[in-house]
Amino acid sequence: MKVLIGTGNPAKLAEIREILGEIPGIEWVSAAELNLPEPKEEGKTLEENAIIKAVAYAKHSGLPALAEDTGLEVEALAGAPGVLSSRFSGKEKDYAANNEKLLALLSGKENRRARFRTVACLALPDGRFWTSEGVLEGTIAEEPRGKGGFGYDPLFIPEGESRTLAEMAPAEKNAISHRKRALEGLRPLFLALAKNPELLA
Ligand code: IMP
C-alpha cells in the first residue's frame, strides 16, 4: 500500500524516511513525487497544522497521508517562536535569520531552556485521522555550531548532551529527536494498515 509523506521540506522528508524505515507492505511516496503543493499552515497550534496538512494531503492524493508540524518553544520567550517557528524572523524558512533573531532575544538571559515539539498526524482519504506528539528538551547554545540537520539544529543542545543537534550524525539526531518520538507513536497504525488494508474501506 502506498502512504504519502506530506512535506515540502526535503530535510524533513529525509529524516521521516530514515526514522520510519522499511515497513513491509508500505511503499512511501513523497508529495514532490506526486507534484502536490504544500497546504497552507493556517492553524493556531502545531496540532491544528499537522491535522490540516495530513487531511489535505490525504484528500488530494487519495492515499493515507502522514504530515507533521514542529515548533521550538523557548522558556524565556514564553514559548515563542512555537507555531511560528518557520516565520520567526519575518521571512519564511530563512534559517540563518531565525537563528540570529533567537540569539539576539536571548542575549544576556540566564534561562536558555527550550524544547522542540512535533505533532505528527496520519490521515485517511475519508477524513479519519490520528495524532501523536514528541518532545525533545534542551538548551539554546550561545552561537551556532555544526553543519548537520536544518532549522534551529545548530543552536539546540539536547538535555544530557554537549553537542548541538547539527553536530550529530543524522542517525544520532534521528534516534532521540522530537520527530522520532512523535512518529513512533504512529508506528502501530502503519503496521495495522500494512497488515489490514481493508481498514481503509
Ligand atoms: P514546520 O512548520 O514544521 O515546517 O517547521 C517550522 C520551523 O521549525 C522550520 O522552518 C525549522 O526552522 C524549524 N524546525 C522544524 N523541525 C526542526 C528540527 O528538527 N530541527 C531544527 N529546526 C526545526
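Going by the structure above, here's the rest.
Definitions and cut-offs
- Residues numbered from 1 in each chain as written.
- Predicted model: local features only at pLDDT ≥ 70, side-chain atom pairs only at ≥ 80, totals over all residues.
- Heavy atoms only, no water.
- 1 Å grid on protein atoms, 1.4 Å probe; cavity = no way out; pocket = protein on both sides within 12 Å on 5 of 7 lines; lining within 4 Å.
- Points joined across faces, edges and corners; volume = space filled by probe spheres on them.
- Helix = DSSP H or I, 4+ residues; strand = E, 2+ residues; numbered from the N terminus.
- Nonpolar A, V, L, I, M, F, W, Y, C, P; charged D, E, K, R; others polar.
- Phe/Tyr/Trp six-rings, centres within 6.5 Å; stacked < 30°, edge-to-face > 60°.
- Buried < 20%, exposed > 50% of the residue type's maximum accessible area, 1.4 Å probe, protein only.
- Near = heavy atom within 4 Å.
- Polar contact = N/O pair within 3.5 Å; in protein donor to acceptor, adjacent residues only side chain to side chain.
- Areas by Shrake-Rupley, 256 points an atom, 1.4 Å probe, with all protein chains shown as cover.
- Sits in = over half its atoms within 2 Å of the grid points.

> Any chance you could explain the layout of surface pockets here in plain terms?
Rolling a probe over the atoms, with the probe sized like a water molecule, indicates the empty space that remains. Each pocket or cavity is described by its volume, and for the largest pocket that value is around 440 Å³. What lines the largest pocket is a set of 26 residues, among which N9, K12, T70, S86 and F150 lie closest to the centre. Sorting the residues of the lining of the largest pocket by element identifies strand 3 (65-74), helix 3 (95-106) and helix 5 (178-195) as the ones contributing at least two each. Ranked by residues supplied to the lining of the largest pocket, first place goes to strand 3 with 4 residues. Among the residues forming the lining of the largest pocket, the class breakdown is 6 nonpolar, 9 polar and 11 charged.

> Would you mind going over the packing of aromatic side chains with me for this structure?
Geometry of an aromatic ring pair is reported as the spacing of the ring centres plus the angle between the planes. A full pass over the atoms with the stated rule returns 3 aromatic pairs. On the numbers, 5.2 Å between centres and 85° between planes, the contact of W28 with F190 is edge-to-face. Taken together, the residues W28 in strand 2 (residues 27-30) and F190 in helix 5 connect sequence positions 162 residues apart. Take W28 and F190: they sit in the same class, and that class is buried.

> Any chance you could explain the site of the ligand here in plain terms?
Taken together, 16 residues sit near the ligand, with K12, T70, D153, H178 and R179 positioned nearest. Separating an oxygen atom of the ligand from a side-chain N or O atom of E41 is a distance of 3.3 Å. The fraction of the free accessible surface of the ligand (480 Å²) that becomes covered by protein chains is 98%. In this structure, the ligand is accommodated by the largest pocket. Of all the secondary-structure elements, those providing two or more residues to the shell around the ligand are strand 3 and helix 5. If you tally residues by element for the shell around the ligand, the top one is strand 3, at 3 residues.

> Can you help me understand the side chain of S132 in this one?
As for its placement among the helices and strands, S132 is situated in strand 6 (residues 129-140). Polar side-chain contacts of S132 include one of 2.6 Å to the backbone oxygen of A182.

Interpretation note: all reported values are geometric properties and have no functional meaning in isolation.
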